[in-house]
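# Fold and geometry: a report
Spelled out, the chains give:
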Amino acid sequence: MEISRTTFKQYERLHLSGEIDLHNSSVLRETLLGLLGGGEHVLVDFTQLAYIDSSGIAALVESFNVAKKQSLEFKILGATGSPLQVLELTRLVSVFPMVENEHNL
Amino acid sequence: MKLIKNIECDSCTSKLCSIRADVREACLEFGFPDPDINSIVLAVDEACANVIRYGYKYCDNGSVKLQIFAADGEAVFHIIDQCPEICEADITAKPVVDEQPGGLGLHIIHQVMDRVHLIEGDASGNTLEMRKQLPLKEA
């Protein structure tokens, strides 16, 4: 898994690539909570993400709840393939604000 | 049952990636379509991750064995560990509550697989069996 950051509009955009599983999901969790702790709106970019398991999804859920409590925006961008299937299987596709592409932001 | 793959590795989270690759390869041999392969790989990964996380409590000197069989029109996955014995209640899917991060792995396993249960044996540890119907072959 690789994580990089850019700024896009009002968001801190987190570019995820590779595979997120129990081995590395804690890094995602710490990164997300760190951004939210700094009061940033977060855009999680799934465009280059090949795989995410339930531990990665749990990190997103926890972060989404923190964002809501702090009235910060938290969106997922460009989920397709296996990561989208995981969100559908867990019914979280209707919980997270999902954006198909950056033009819709 | 015909054994397709027999994999054994340490109970280390860094091994999950290669387990997924082996499951994907077996699923391709079985002829599952891509969306099914993605979900089966995920379900087996979740089961192995649960063994490492809850069974071995992240101790990486345990053993995780994955056996994949073809049997009576089904793909059969056995995940064998040497952890303290668990019961069916431990592998029952709990209702997923929106916006709660817990219980997602078991929910996924039960959503994807046709049958999930424990096999009783004489040996110590646990054997989780997951079954998925093979795709029908076109005439």
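Keep in mind it's a predicted model, so treat the numbers as computed, not measured.

Quick notes on the rules
- Residues numbered from 1 in each chain as written.
- Chains lettered and ligands numbered in written order.
- Predicted model: local features only at pLDDT ≥ 70, side-chain atom pairs only at ≥ 80, totals over all residues.
- Heavy atoms only, no water.
- Helix = DSSP H or I, 4+ residues; strand = E, 2+ residues; numbered from the N terminus.
- Rg over C-alpha atoms; globule rule 2.2 N^0.38 Å.
- Buried < 20%, exposed > 50% of the residue type's maximum accessible area, 1.4 Å probe, protein only.
- Contact = heavy atoms within 4.5 Å.
- Pairing = 2+ DSSP bridges.
- Right-handed = clockwise from strand over helix to strand, strands pointing away.
- Buried area = accessible area lost by both parts, 1.4 Å probe.
- Salt bridge = Lys/Arg side-chain N within 4 Å of Asp/Glu carboxyl O.
- Polar contact = N/O pair within 3.5 Å; in protein donor to acceptor, adjacent residues only side chain to side chain.
- Nonpolar A, V, L, I, M, F, W, Y, C, P; charged D, E, K, R; others polar.
- Axes fitted to C-alpha atoms, helices over the stretch in contact; angles between N-to-C directions.
- Parallel < 35°, antiparallel > 145°, perpendicular 65-115°, else oblique.
- Left-handed = near helix turned anticlockwise from the far one by under 90°.
- Phe/Tyr/Trp six-rings, centres within 6.5 Å; stacked < 30°, edge-to-face > 60°.
- Lys NZ or Arg CZ within 6 Å of the ring centre and 35° of its normal.

A tally of helices and strands in chain B yields three helices and five strands. Traced from its N-terminal end to its C-terminal end, chain B shows the element sequence β-α-α-β-β-α-β-β. The C-alpha atoms of chain B give 15 Å as radius of gyration, which agrees with the globular expectation for 139 residues (14 Å, within 12%). Reported as C-alpha extents along the three principal axes, the dimensions of chain B are approximately 45 × 35 × 30 Å. Within chain B, the fraction of its 139 residues that count as buried is 49%. Within chain B, counting contacts between residues at least 6 apart in sequence, those at least 24 apart form 65% of the total.

The subject of this paragraph is the side chain of Gln85 of chain A. Its location among the elements puts Gln85 of chain A in helix α3 (residues 81-89). Gln85 of chain A sits in the buried class, given a relative accessible area of 18%. Among all residues touching Gln85 of chain A, those that are not within four sequence positions of it are Pro35, Asn38 and Ser39 of chain B.

A word on the environment of Cys83 of chain B. Residue and element names in this part refer to chain B. With respect to the helices, strands and loops of the structure, Cys83 is situated in the loop between β3 (74-81) and α3 (104-112). Considered as a pair, Cys83 and Gly55 are 28 residues apart in the sequence and their alpha carbons are 5.3 Å apart. Ignoring any residue separated from it by four or fewer positions in sequence, one finds Cys83 in contact with Val51, Gly55, Tyr56, Gly125 and Asn126.

A separate point is the pairing of strand β2 (residues 11-20) of chain A. All names here are of chain A. Judged from the seven bridges that link them, strand β1 (residues 2-8) and β2 form a sheet pairing that is antiparallel. Following the sheet pairing, Ile3 is matched in β2 by Leu16. In textbook terms, the turn of a hairpin is the stretch between consecutive antiparallel strands, and for β1 and β2 this stretch comprises two residues, one of which, Lys9, has a positive phi near 50°. In this sheet, strand β3 (residues 41-52) lies alongside β2 in parallel orientation, the contact comprising nine bridges. Bridge assignment links Tyr11 to a residue of β3, and that residue is His41. Between the parallel pair β2 and β3, the chain is carried across by helix α1 (residues 25-37), and the sense of this crossover is right-handed.

A few words now on the interface of chain A and chain B. Every contact between the two is made by 24 residues of chain A and, on the other side, 26 residues of chain B. Across the chain A/chain B interface, buried area totals approximately 2100 Å², and carbon plus sulfur atoms make up 57% of it. In terms of surface lost to chain B, no three residues of chain A exceed Leu22, Tyr51 and Leu89 of chain A, which account for 30% of the buried area on that side. Measuring nitrogen to oxygen at the nearest pair gives 2.6 Å for the salt bridge that ties Arg20 of chain B to Glu19 of chain A. For the interface between chain A and chain B, the tally reads nine residue pairs in polar contact (both at pLDDT 80 or more). Contributions of two or more residues to the side of chain A that touches chain B are made by β3, α2 (54-69) and α3 of chain A. With eight residues, the single largest contributor to the side of chain A that touches chain B is α2 of chain A. Tallied by class, the residues present in the side of chain A that touches chain B amount to eleven nonpolar, eight polar and five charged.

Time to look at the sheet that holds β1 of chain A. Residues and elements named next belong to chain A. Here we have five strands laid out as an open sheet, ordered β1-β2-β3-β4-β5, and mixed in their pairing. Two strands lie at the open edges of the sheet, namely β1 and β5 (98-99), each paired on one side alone. Here α1 sits on the sheet and contacts β1, β2, β3 and β4 (74-77); the angle it forms with β2, its principal contact strand, is near 175°.

Interhelical geometry of α3 of chain A versus helix α2 (residues 34-55) of chain B gives an angle of 65° and a closest axis separation of 10 Å. Taken together, the axes of α3 of chain A and α2 of chain B are roughly perpendicular relative to one another. At the point where α3 of chain A passes α2 of chain B, the crossing takes the right-handed sense. Judged by residue contacts, Gly81, Ser82, Gln85, Val86 and Leu89 of chain A of α3 of chain A engage Pro35, Asn38, Ser39 and Leu42 of chain B from α2 of chain B. Partitioning the contact of α3 of chain A with α2 of chain B into residue classes produces four nonpolar, five polar and no charged.

Residue and element names in this part refer to chain A. In total, this model carries four aromatic pairs over all chains according to the counting rule given. Ring geometry for Phe74 and Phe96: centres 6.3 Å apart, planes at 35°, overall tilted. Residue Phe74 is located in strand β4, and its partner Phe96 is located in the loop between α3 and β5; the two are separated by 22 residues in the primary sequence. The residues Phe74 and Phe96 share a single accessibility class, namely buried. Cluster of aromatic residues (ring-pair linked, three or more members): Phe64, Phe74 and Phe96. The residue whose ring lies beneath Arg13 is Phe8, and the NZ or CZ to ring-centre distance is 5.2 Å.

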